[in-house]
Amino acid sequence: MDEPGGDSPGRELPQDFREVAIELVRNQGWRYDNGRRRGGHPLLLPADRTKRPIAVPTTPGDVRSLRNFKATVRQAGGIWPPPRKR
Amino acid sequence: MSDGWSVLVEIEAPEGEHLRAGDRCLDALADVLIAEHHGIITGSATGWSARISVDDFDPVHADWQAVEAGRRIVMGMAEKVGLPDWPVVRLEAVREDVLDAELERSNFPDVVGTQEVTKLLDVSRQRLHELRHSGRFPTPMIELAAGPIWLRTAIDSFLDHWARKPGRTSRYDALREYLEDRTESAVRLTFAEIERIIGGPLPASARKHPAWWANEKAGSHAHAQSWLDIGRRTAKVDLNGATVEFVK
């Protein structure tokens, strides 16, 4: 689960998860691996390389898995939600 | 109040151990925990974590039951998919409504730069510069090429305790601060130096009438208050030489 990636989060991710993944990859220096080459789950690779990659669900998300996903992202150093413009 | 809990279980490999390259155990663990427990998995060769949702507990002992249930589910599944029996290094449970409230707020700190701070304090940039060198102002978290960055909470806290005297104009306040920092019994300043300190020109009467420099506290003589407040008075006002001495 630790292979590097240079993909962009796409429709393989449920929309709520994709929104978070796009923010992390575009604006926070994270990388994304869609998992196709490995035949595994898509991975989000934190900008802080000492943190472990996160396996992102591809099945339609629900409130509870999205909550756990956001908490995991924050624990890995991701900023969520991004601060709003004053 | 929610009955559900989010439980995090984190595992670290003992020194010298690691998963083999191409090992699919973590993918298998992700498959089952995502499908059955709303789980999110992180992992590398030297450790992994799982955050899952659990619920339906006796309200009195829900916290410990949630921790235990989360640990049992995660470790049971890990064993089933063939992950090595590595030690748990972190075990956390948080009620879902509490976690929701945390996730609503950004985890990026509220920060402010020079422009925001001058607005919050209602002072000029020059006055802010003086405050920063007074030794009483919060130190910025970081100095970028674009300027200093403070935590907003530090500025709010400073504002709460800042003994700004009401009604005093900032320009003469700067003169007071300057004189307060000087230890000599007599401080001679040119009018030009005073103008640099207060950040603008002295009124025309200061150059024409010695009375402007009188040590009068009565009335609205904010300029005189700036030196009288700190125990100094003016002496040797020289309009031709454009100098004045402040003595203790």
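What comes next is a walk through the structure. On a predicted model such as this, the values are computed, not experimentally measured, just so you know. (Residues numbered from 1 in each chain as written. Chains lettered and ligands numbered in written order. Predicted model: local features only at pLDDT ≥ 70, side-chain atom pairs only at ≥ 80, totals over all residues. Heavy atoms only, no water.)

**A look at the overall build of chain B**
Part 1 of the argument: When helices and strands are tallied, chain B shows 10 helices and 10 strands.
Part 2 of the argument: Computed over its C-alpha atoms, the radius of gyration of chain B comes to 33 Å, more than 25% above the 18 Å expected for a compact globule of 248 residues.
Part 3 of the argument: Along the longest, intermediate and shortest principal axes, the C-alpha atoms of chain B span 95 × 40 × 25 Å.
Part 4 of the argument: In chain B, the share of contacts with a sequence separation of at least 24, taken over all contacts with a separation of at least 6, comes to 64%.
Part 5 of the argument: The distance from the centre of the 30 positive side-chain charges to the centre of the 40 negative ones in chain B is 17 Å. (Helix = DSSP H or I, 4+ residues; strand = E, 2+ residues; numbered from the N terminus. Rg over C-alpha atoms; globule rule 2.2 N^0.38 Å. Contact = heavy atoms within 4.5 Å. Lys, Arg positive; Asp, Glu negative; His and termini not counted. Charge placed at Lys NZ, Arg CZ, Asp CG, Glu CD.)

**With respect to the interface of chain A and chain B**
Part 1 of the argument: Facing 31 residues of chain A, the contacting portion of chain B comprises 44 residues.
Part 2 of the argument: Both faces combined, the contact of chain A with chain B buries some 2,900 Å², and carbon together with sulfur accounts for 49% of it.
Part 3 of the argument: Across the chain A-chain B interface, the total number found is 5 salt bridges.
Part 4 of the argument: Asp100(B) serves as the salt-bridge partner of Arg67(A), at 2.7 Å between the closest nitrogen and oxygen.
Part 5 of the argument: Remark: the boundary between chain A and chain B carries 25 residue pairs in polar contact (both at pLDDT 80 or more).
Part 6 of the argument: When residues of the side of chain A that touches chain B are traced back to their parent elements, those giving at least two are β3 (54–55) and α2 (63–75) of chain A.
Part 7 of the argument: When residues of the side of chain A that touches chain B are assigned to their parent elements, the largest contribution, 10 residues, is made by α2(A).
Part 8 of the argument: In terms of residue class, the side of chain A that touches chain B is made up of 13 nonpolar, 9 polar and 9 charged.
Part 9 of the argument: When β3(A) meets strand β2 (residues 40–44) of chain B, the two strands line up antiparallel, connected through 2 bridges. Bridged to Ala55(A) within β2(B) is Ile41(B). (Buried area = accessible area lost by both parts, 1.4 Å probe. Salt bridge = Lys/Arg side-chain N within 4 Å of Asp/Glu carboxyl O. Polar contact = N/O pair within 3.5 Å; in protein donor to acceptor, adjacent residues only side chain to side chain. Nonpolar A, V, L, I, M, F, W, Y, C, P; charged D, E, K, R; others polar. Pairing = 2+ DSSP bridges.)

**Overview of the sheet that holds strand β10 (residues 243–247) of chain B**
All names here are of chain B.
Part 1 of the argument: Spatially, the 3 strands line up as an open sheet ordered β8-β10-β9, and their pairing is antiparallel. Only two strands of the sheet have a single partner each, and these edge strands are β8 (186–190) and β9 (233–238). Each adjacent strand pair in this sheet contributes to an overall mean axis angle of 20 degrees, direction not counted.
Part 2 of the argument: Examined bridge by bridge, β8 and β10 share 5 bridges and lie antiparallel to one another. Looking at β10, one finds that Arg188 is bridged to Glu245.
Part 3 of the argument: Along the sheet, helix α8 (residues 191–198) contacts β8, β9 and β10; its crossing angle with β8, the most-contacted strand, is approximately 90 degrees. (Axes fitted to C-alpha atoms, helices over the stretch in contact; angles between N-to-C directions.)

**Things to note about the nonpolar core**
The nonpolar side chains of a soluble globular protein tend to be buried, and buried together.
Part 1 of the argument: Counting residues in each nonpolar core, the largest one holds 31 residues, and the members touching the most others are Leu29(B), Leu33(B), Ile41(B), Trp48(B), Val74(B) and Leu83(B).
Part 2 of the argument: At the level of secondary structure, the elements contributing two or more residues to this core comprise β2 (43–45) of chain A together with β1 (5–12), α1 (25–37), β3 (47–54) and α2 (62–80) of chain B.
Part 3 of the argument: Among residues more than four places away in sequence, those in contact with Val74(B) are Val9(B), Leu29(B), Leu33(B), Trp48(B), Ala50(B) and Ile52(B).
Part 4 of the argument: Counting 20 residues, the second-largest nonpolar core is a separate cluster that includes Ile197(B), Ile198(B), Trp212(B) and Leu228(B). (Core = buried A, V, L, I, M, F, W, Y, C linked by side-chain atoms within 4.5 Å. Buried < 20%, exposed > 50% of the residue type's maximum accessible area, 1.4 Å probe, protein only.)

**A closer look at the pairing of β2(B)**
Residues and elements named next belong to chain B.
Part 1 of the argument: The element β2 is largely enclosed, with a buried count of 5 among its 5 residues.
Part 2 of the argument: Taking every second residue as pointing to the same face, both faces of β2 are buried, with Ile40, Thr42 and Ser44 on one and Ile41 and Gly43 on the other.
Part 3 of the argument: Bridge count for β2 against β3 is 5 bridges, and the pairing is antiparallel. The residue of β3 that forms the bridge with Thr42 is Ser49.

**Digging into α2(A)**
Residues and elements named next belong to chain A.
Part 1 of the argument: Compared with the 18 Å implied by 1.5 Å per residue over 13 residues, the 18 Å span of α2 between its first and last C-alpha is a close match.
Part 2 of the argument: In terms of burial, α2 is largely enclosed, as 10 of its 13 residues are buried.
Part 3 of the argument: Within the span of α2, buried status applies to Arg64, Ser65, Leu66, Arg67, Asn68, Phe69, Ala71, Thr72, Val73 and Arg74.
Part 4 of the argument: The opening residue of α2, the one whose side-chain oxygen lies 2.8 Å from the backbone nitrogen of Arg64, is Asp62.
Part 5 of the argument: The positive-phi residue at the C-terminal boundary of α2 is Gly77, with phi of around 95 degrees. (Expected span 1.5 Å × (residues − 1).)

**Structural notes on the sheet that holds strand β1 (residues 31–33) of chain A**
Sheet strands line up and pair through hydrogen bonds in the backbone, either parallel or antiparallel.
Part 1 of the argument: Read across the open sheet, the 7 strands follow the order β1(A)-β2(A)-β3(A)-β2(B)-β3(B)-β1(B)-β4(B); overall the sheet is antiparallel. Only two strands of the sheet have a single neighbouring strand rather than two, namely β1 of chain A together with β4 (88–95) of chain B.
Part 2 of the argument: Along the sheet face, helix α3 (residues 96–104) of chain B touches β1, β3 and β4 of chain B and points at about 90 degrees away from the line of β4(B).

**Considering the pattern of salt bridges**
Side chains carrying opposite charge are able to pair once their charged atoms draw close together.
All names here are of chain B.
Part 1 of the argument: According to the stated counting rule, one finds 28 salt bridges over all chains in the structure shown.
Part 2 of the argument: One salt bridge connects Glu177 with Arg136, and the closest N-O pair in it is separated by 3.4 Å. In this pair, Glu177 sits in helix α7 (residues 170–181) while Arg136 sits in the loop between α5 (125–132) and β6 (142–144), placing the two residues 41 residues apart along the sequence.
Part 3 of the argument: Take Arg136: its relative accessible area is 52%, and that puts it in the exposed class.
Part 4 of the argument: Linked through salt bridges whose partners overlap, the residues forming this network are Arg127, Glu130, Arg136, Asp173, Arg176, Glu177 and Glu180.

**So, the environment of Pro87(B)**
Part 1 of the argument: The topology assignment puts Pro87(B) in the loop between α2 and β4.
Part 2 of the argument: If near-sequence neighbours (up to four positions away) are discounted, Pro87(B) is found in contact with Glu10(B), Ile11(B), Glu12(B) and Pro14(B).

In short, shape yes, function no, at least from these values alone.
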